Amino acid sequence: MIVLIRKWLFLPIVPCDAAEPWQLGSQDAATPMMQGIIDLHHDIFFFLILILVFVSRVLVRALWHFHYQKNPIPQRIVHGTTIEIIRTIFPSIIPMFIAIPSFALLYSMDE
């Protein structure tokens, strides 16, 4: 009898926001903190896709243009000082842009 009353009392709550089989996204946020975590995830994922597309394009372009039969002597852009500085600076800046909102969210979770 108690089990039936429990099921009857909680029946309207169950379909509201429960995990579903093969669910692709997160559940709806119950707190503003969780909403901030979900938003941070979406923002980071967006920039991750942009980086993936850019790096894939550069890789395909390098494989296409620097084929050993087509162009046996690579150009200066591969071994230049400028390109080495750019390849060092940009990947070190990206984690800083991820860390700033992440630390803000982390410190707000502590309060």
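Keep in mind that what you see is a predicted model, and the values were worked out from it rather than measured.

1. Points about the overall build of the chain
Turning to step 1, where the next piece is worked out: Each helix and strand counted, the chain has three helices and zero strands in total.
Turning to step 2, where the next piece is worked out: Secondary structure elements of the chain, listed N to C terminal, follow the sequence α-α-α.
Turning to step 3, where the next piece is worked out: Counting only residues that meet the buried cut, the chain has 4% of its 111 residues in that class.
Turning to step 4, where the next piece is worked out: By element, 73% of the accessible surface of the chain is carried by carbon and sulfur atoms, the whole surface being about 10500 Å².

2. Notes on the pattern of salt bridges
Turning to step 1, where the next piece is worked out: Enumeration over the complete set of coordinates arrives at one salt bridge.
Turning to step 2, where the next piece is worked out: Between E84 and R87 there is a salt bridge whose closest N-O contact spans 3.1 Å. Separated by three residues within a single helix, E84 and R87 lie in helix α3 (residues 81-110), roughly one turn from each other.

3. Here we look at the UniProt feature "transmembrane region" (unreviewed entry) in the chain
Turning to step 1, where the next piece is worked out: Residues given the UniProt feature "transmembrane region" (unreviewed entry) here are residues 44-64 and 85-107.
Turning to step 2, where the next piece is worked out: The straight-line gap between the two end C-alpha atoms of residues 85-107 is 33 Å; of that span, 100% is helix and 0% is strand.

4. Looking at α3
Turning to step 1, where the next piece is worked out: Compared with an ideal rise of 1.5 Å per residue, which puts 30 residues at 44 Å, α3 spans 44 Å between its outermost C-alpha atoms and is within 8% of the ideal.
Turning to step 2, where the next piece is worked out: At A99, α3 is bent by approximately 25°, the largest bend along its length, and proline P101 sits one to four residues beyond.

5. Comments concerning a nonpolar patch on the surface
Turning to step 1, where the next piece is worked out: Side chains of I44, I51, F54, V55, V58, I94 and I98 sit close together on the surface and give an oily, nonpolar patch of about 560 Å² of accessible area.
Turning to step 2, where the next piece is worked out: At the level of elements, α2 (32-65) and α3 are the ones that each hand at least two residues to the nonpolar patch.
Turning to step 3, where the next piece is worked out: A total of five residues in the nonpolar patch trace back to one element, the largest contributor, which is α2.

6. Re the packing of α2 against α3
Turning to step 1, where the next piece is worked out: Between α2 and α3, whose axes approach to 10 Å, the crossing angle comes to 175°. On the basis of the axis angle, α2 is roughly antiparallel to α3. Contacts from M33, G36, I37, L40, I44 and I51 in α2 reach I94, I98, P101, S102, L105, S108 and M109 in α3.
Turning to step 2, where the next piece is worked out: Tallied by class, residues from the contact of α2 with α3 come to 10 nonpolar, three polar and no charged.

7. With respect to the confidence of the model for the chain
Turning to step 1, where the next piece is worked out: Put simply, the chain has an average pLDDT of 78, and 77% of its residues get 70 or more.
Turning to step 2, where the next piece is worked out: Across the chain, the secondary-structure element scoring lowest on mean pLDDT is helix α1 (residues 2-10), at 52, and the one scoring highest is α2, at 89.

8. Topic: the packing of aromatic side chains
Turning to step 1, where the next piece is worked out: In the structure shown here, the tally under the stated rule is two aromatic pairs.
Turning to step 2, where the next piece is worked out: Plain terms: the ring middles of F46 and F47 are 5.3 Å apart, the flat faces sit at 70° to each other, and that makes the pair edge-to-face.

Cut-off values and rules
- Residues numbered from 1 in each chain as written.
- Predicted model: local features only at pLDDT ≥ 70, side-chain atom pairs only at ≥ 80, totals over all residues.
- Heavy atoms only, no water.
- Helix = DSSP H or I, 4+ residues; strand = E, 2+ residues; numbered from the N terminus.
- Buried < 20%, exposed > 50% of the residue type's maximum accessible area, 1.4 Å probe, protein only.
- Areas by Shrake-Rupley, 256 points an atom, 1.4 Å probe, with all protein chains shown as cover.
- Salt bridge = Lys/Arg side-chain N within 4 Å of Asp/Glu carboxyl O.
- UniProt positions renumbered as here; feature names shortened; annotations may be inferred.
- Expected span 1.5 Å × (residues − 1).
- Bend = angle between axes of the 7 residues up to and from the residue.
- Patch = residues over 30% accessible without salt bridge, like charges linked within 9 Å, V, L, I, M, F, W, Y side chains within 5 Å.
- Axes fitted to C-alpha atoms, helices over the stretch in contact; angles between N-to-C directions.
- Parallel < 35°, antiparallel > 145°, perpendicular 65-115°, else oblique.
- Contact = heavy atoms within 4.5 Å.
- Nonpolar A, V, L, I, M, F, W, Y, C, P; charged D, E, K, R; others polar.
- pLDDT = per-residue confidence, 0-100.
- Phe/Tyr/Trp six-rings, centres within 6.5 Å; stacked < 30°, edge-to-face > 60°.

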